[in-house]
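Close look at the chain arrangement
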Amino acid sequence: MSVDADALRRERNERRALKIVGACFLALAAYLTYESAMDLGSKNAAEHSIPGIVLACVSLVVMPLLSRAKRRVGRALGSAAMHADAKQTEFCTYLSGILLAGLLLNALFGLWWADPVAGLVMVPIIAKEGIEGLQGKACDDCSGV
C-alpha cells in the first residue's frame, strides 16, 4: 500500500497481494466445503450462538460502510489492490447475510442442517473471489484507477 514512486514495483506488489488473498480464499472455500460436508454427513448440530448472531448483524451494518471507505482510499491512492479489498469487504456483507440466515434458522427453528448448508452456499462466492485473485483480477471498475 506504500505510495511508491516505482510504479512497476508497486504493480508487482499489488499482483502478489492479489494472488495471496486469492489463495487464502480458495483455502477457505475448501475448508468450508469439508467442514460443512462432514457436519451434514454426521448430522452434527452446531450450538446456538447469540454472539454469532449479534456479530453477523453488526457486520451487515459495518461492512458496507467499510467497503465504501476503502473504495475512496483506493481511488485516492490509485490502488487496484485497495479496490479489490473494498470489493471483498462488500462481498463479506453477503456472506454475513447468509451466515445470519443459517444461525437464525438453527437458533429459532432448530434446523440443525441450516448452518452447514449456509457454509456450502458461501463456497461458490468465496471460490470465485479466490480464482479472480489468483488471476490478478482486482475488480471490474479498477482499471485505470
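Look above for the structure.
The numbering scheme is per chain: residues are counted from 1 as the chain's sequence reads. Only residues with pLDDT of at least 70 get local features here, since the model is predicted, and only at 80 or more are side-chain atom pairs given and counted; chain-wide, interface and lining totals rely on the full set of residues. Side-chain metrics rest on all non-hydrogen atoms present in the structure, leaving aside hydrogens and water.

1. Points about the overall build of the protein
Let me state the cut-off plainly: For the purposes of this entry, the term helix denotes a DSSP run of H or I that reaches at least four residues, the term strand denotes a run of E that reaches at least two, and both are numbered from the N terminus. Think of it in three bands: residues with accessible area under 20% of the maximum for their type are buried, residues over 50% are exposed, and the middle band is partly exposed, with areas taken using a 1.4 Å probe on protein chains only. Contacts are residue-level and defined by heavy atoms, with any inter-residue pair within 4.5 Å sufficient. For the area figures, the Shrake-Rupley method with a 1.4 Å probe applies, and any residue is considered shielded solely by the protein chains shown. Note that His is not counted, nor are the chain ends; the positive residues are Lys and Arg, and the negative ones are Asp and Glu. A single reference atom marks each charge: NZ on Lys, CZ on Arg, CG on Asp, CD on Glu.
Each helix and strand in the protein was counted, giving four helices and zero strands. Beginning at the N terminus, the succession of helices and strands in the protein can be written as α-α-α-α. Of all 145 residues assigned to the protein, the portion counted as buried reaches 34%. Excluding contacts between residues fewer than 6 apart, the proportion of contacts in the protein whose partners are at least 24 apart in sequence is 78%. Carbon together with sulfur atoms contributes 66% to the accessible area of the protein, which is approximately 8,500 Å² in total. Within the protein, one finds 15 positive and 14 negative side-chain charges whose respective centroids are separated by 6 Å.

2. Details of a nonpolar patch on the surface
Defined as follows: Residues form patches when they are more than 30% accessible in relative terms and have no salt bridge. Like charges link within 9 Å. Nonpolar side chains (Val, Leu, Ile, Met, Phe, Trp, Tyr) link within 5 Å. Take a side-chain nitrogen of Lys or Arg and a carboxyl oxygen of Asp or Glu: if they are within 4 Å of each other, that pair is a salt bridge.
Taken together, the side chains of Ile 50, Val 54, Val 58, Leu 60, Val 61, Val 62, Leu 65 and Leu 66 make up a nonpolar region of the molecular surface, amounting to roughly 670 Å² of accessible area. Relative to the elements of secondary structure, Val 61 occurs in helix α2 (residues 50-77).

3. What about the state of the cysteines?
Here is the rule: When two cysteine sulfur atoms are found within 2.5 Å, that pair is recorded as a disulfide.
Summed over the entire model, instances satisfying the criterion amount to zero disulfides. Here Cys 24 stays unpaired: no disulfide links it, and the sulfur of Cys 92, its closest cysteine neighbor, is 13 Å away.

4. Focus: helix α1 (residues 7-42)
Threshold: Each helix should span, by expectation, one fewer than its residue count multiplied by 1.5 Å.
Counted at 1.5 Å a residue, the expected span for α1 with its 36 residues is 52 Å, and the 52 Å between its end C-alpha atoms agrees. In this fold, the buried residues of α1 make contact with α2, α3 (80-109) and α4 (114-134).

5. A word on the packing of α1 against α4
Selection criterion: All axes here are fitted lines through C-alpha atoms, helices being fitted over the stretch that makes contact, and every angle between N-to-C directions spans 0 to 180 degrees. Note that the term roughly parallel is reserved for angles under 35 degrees, roughly antiparallel for angles over 145, roughly perpendicular for angles of 65 to 115, and oblique for everything else. What makes a crossing left-handed is the near helix being turned counterclockwise from the far one by less than a right angle; a clockwise turn instead makes it right-handed. Gly counts as polar in this scheme, as do all residues outside two lists: the nonpolar Ala, Val, Leu, Ile, Met, Phe, Trp, Tyr, Cys and Pro, and the charged Asp, Glu, Lys and Arg.
Running from N to C, α1 and α4 point in directions that differ by 160 degrees, and their axes come no closer than 7 Å. By the angle between their directions, the pair α1 and α4 is classed as roughly antiparallel. The two elements α1 and α4 cross, and the hand of that crossing is left-handed. Grouping the amino acids of the contact of α1 with α4 by side-chain chemistry returns 17 nonpolar, six polar and three charged.

6. Considerations on the pattern of salt bridges
All told, the structure shown has five salt bridges when counted by the stated rule. The shortest N-O distance in the salt bridge between Lys 70 and Asp 85 comes to 2.7 Å. Of this pair, Lys 70 sits in helix α2 while Asp 85 sits in helix α3, and the two are 15 residues apart along the sequence. The partner of Glu 132 in a salt bridge is Lys 128, and the shortest N-O contact between them spans 2.8 Å. Highlighted residues: Glu 132 and Lys 128, both in helix α4, separated by four residues, approximately one helical turn. You can call Glu 132 buried: its relative accessible area is 15%.

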